[in-house]
Amino acid sequence: MNPIFQYWYFHLPNFILAAVMYTMIGRLLLSFFAPQDWKNYIWRAFVRITDPVLRPVRFITPAVLPDPVVLIFAALWLMLIRVGFFALLASLSLLPTISSSG
């Protein structure tokens, strides 16, 4: 059986968290060149994917911080969640195993 499907409970959440985290970093980098109200479809996709994560981060982050700093904090929170998820599965002995073939 393919390990991706066998350990879907590890790979699927990890992939989603990584994709949102890297999209957050991409939005941060793109924000240096694009205005916040830009109507480009790529920018709108970045905003649509990252805004659900930014709302709770913005709520717990002091209001004096500018948006780029909140984006950095959101990416760091996502990274911390990924590490915590890995640690949780490791403590439950649910991590995918590496097996040698041959």
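Residues numbered from 1 in each chain as written. Predicted model: local features only at pLDDT ≥ 70, side-chain atom pairs only at ≥ 80, totals over all residues. Heavy atoms only, no water.

Trainee: Requested: an account of the overall build of the chain, with residues and values cited.
Mentor: Along the chain, the regular secondary structure elements total four helices and zero strands. Starting at the N terminus and ending at the C terminus, the chain contains elements arranged as α-α-α-α. Computed over the C-alpha atoms, the radius of gyration of the chain is 17 Å, more than 25% above the 13 Å expected from 2.2 N^0.38 for a compact globule of 102 residues. Principal-axis analysis of the C-alpha atoms gives the chain an extent of 55 × 30 × 20 Å. Looking at the 102 residues of the chain, the share that counts as buried comes to 25%. Of the contacts made within the chain by residues no fewer than 6 positions apart, 57% connect residues no fewer than 24 positions apart. Accessible area of the chain: about 7400 Å², with a carbon and sulfur share of 73%. (Helix = DSSP H or I, 4+ residues; strand = E, 2+ residues; numbered from the N terminus. Rg over C-alpha atoms; globule rule 2.2 N^0.38 Å. Buried < 20%, exposed > 50% of the residue type's maximum accessible area, 1.4 Å probe, protein only. Contact = heavy atoms within 4.5 Å. Areas by Shrake-Rupley, 256 points an atom, 1.4 Å probe, with all protein chains shown as cover.)

Trainee: Could you give an account of helix α3 (residues 41–60), with specific residues and numbers?
Mentor: Compared with an ideal rise of 1.5 Å per residue, which puts 20 residues at 28 Å, α3 spans 29 Å between its outermost C-alpha atoms and is within 8% of the ideal. A bend of about 50° at Asp51 is the largest found in α3, and the proline Pro52 appears one to four places after it. Taken together, the buried positions of α3 are Trp43, Val47, Thr50, Leu54 and Val57. In this fold, the buried residues of α3 make contact with α2 (8–31) and α4 (67–91). (Expected span 1.5 Å × (residues − 1). Bend = angle between axes of the 7 residues up to and from the residue.)

Trainee: Any chance you could break down a nonpolar patch on the surface for me, citing the residues and the numbers?
Mentor: On the surface, a nonpolar cluster with roughly 950 Å² of combined accessible area is contributed by Phe59, Ile60, Ile72, Phe73, Leu76, Trp77, Met79, Leu80 and Val83. Elements that contribute at least two residues to the nonpolar patch include exactly α3 and α4. In terms of residues, the nonpolar patch owes the most to one element, α4, which gives seven residues. With respect to the helices and strands, Leu80 occurs in helix α4. (Patch = residues over 30% accessible without salt bridge, like charges linked within 9 Å, V, L, I, M, F, W, Y side chains within 5 Å. Salt bridge = Lys/Arg side-chain N within 4 Å of Asp/Glu carboxyl O.)

Trainee: Just give me the short version of the packing of α3 against α4, but keep the residues and values in it.
Mentor: Direction vectors running N to C along α3 and α4 enclose 110°, while the axes themselves pass 9 Å from each other. For the element pair α3 / α4, the angle class is roughly perpendicular. Contacts between α3 and α4 involve Val53, Leu54, Val57, Arg58 and Ile60 on the former and, on the latter, Asp67, Val70, Leu71, Phe73, Ala74, Trp77 and Leu78. Across the contact of α3 with α4, the residue classes break down as ten nonpolar, no polar and two charged. (Axes fitted to C-alpha atoms, helices over the stretch in contact; angles between N-to-C directions. Parallel < 35°, antiparallel > 145°, perpendicular 65-115°, else oblique. Nonpolar A, V, L, I, M, F, W, Y, C, P; charged D, E, K, R; others polar.)

Trainee: Explain the pattern of salt bridges residue by residue, including any values.
Mentor: Within this structure, the stated rule accounts for two salt bridges. Residue Asp51 pairs with Arg27 through a salt bridge whose shortest N-O separation is 2.9 Å. In this pair, Asp51 sits in helix α3 while Arg27 sits in helix α2, placing the two residues 24 residues apart along the sequence. Of the residues examined, Asp51 reaches a relative accessible area of 24% and is grouped as partly exposed. The class for Arg27 is buried, based on a relative accessible area of 8%.

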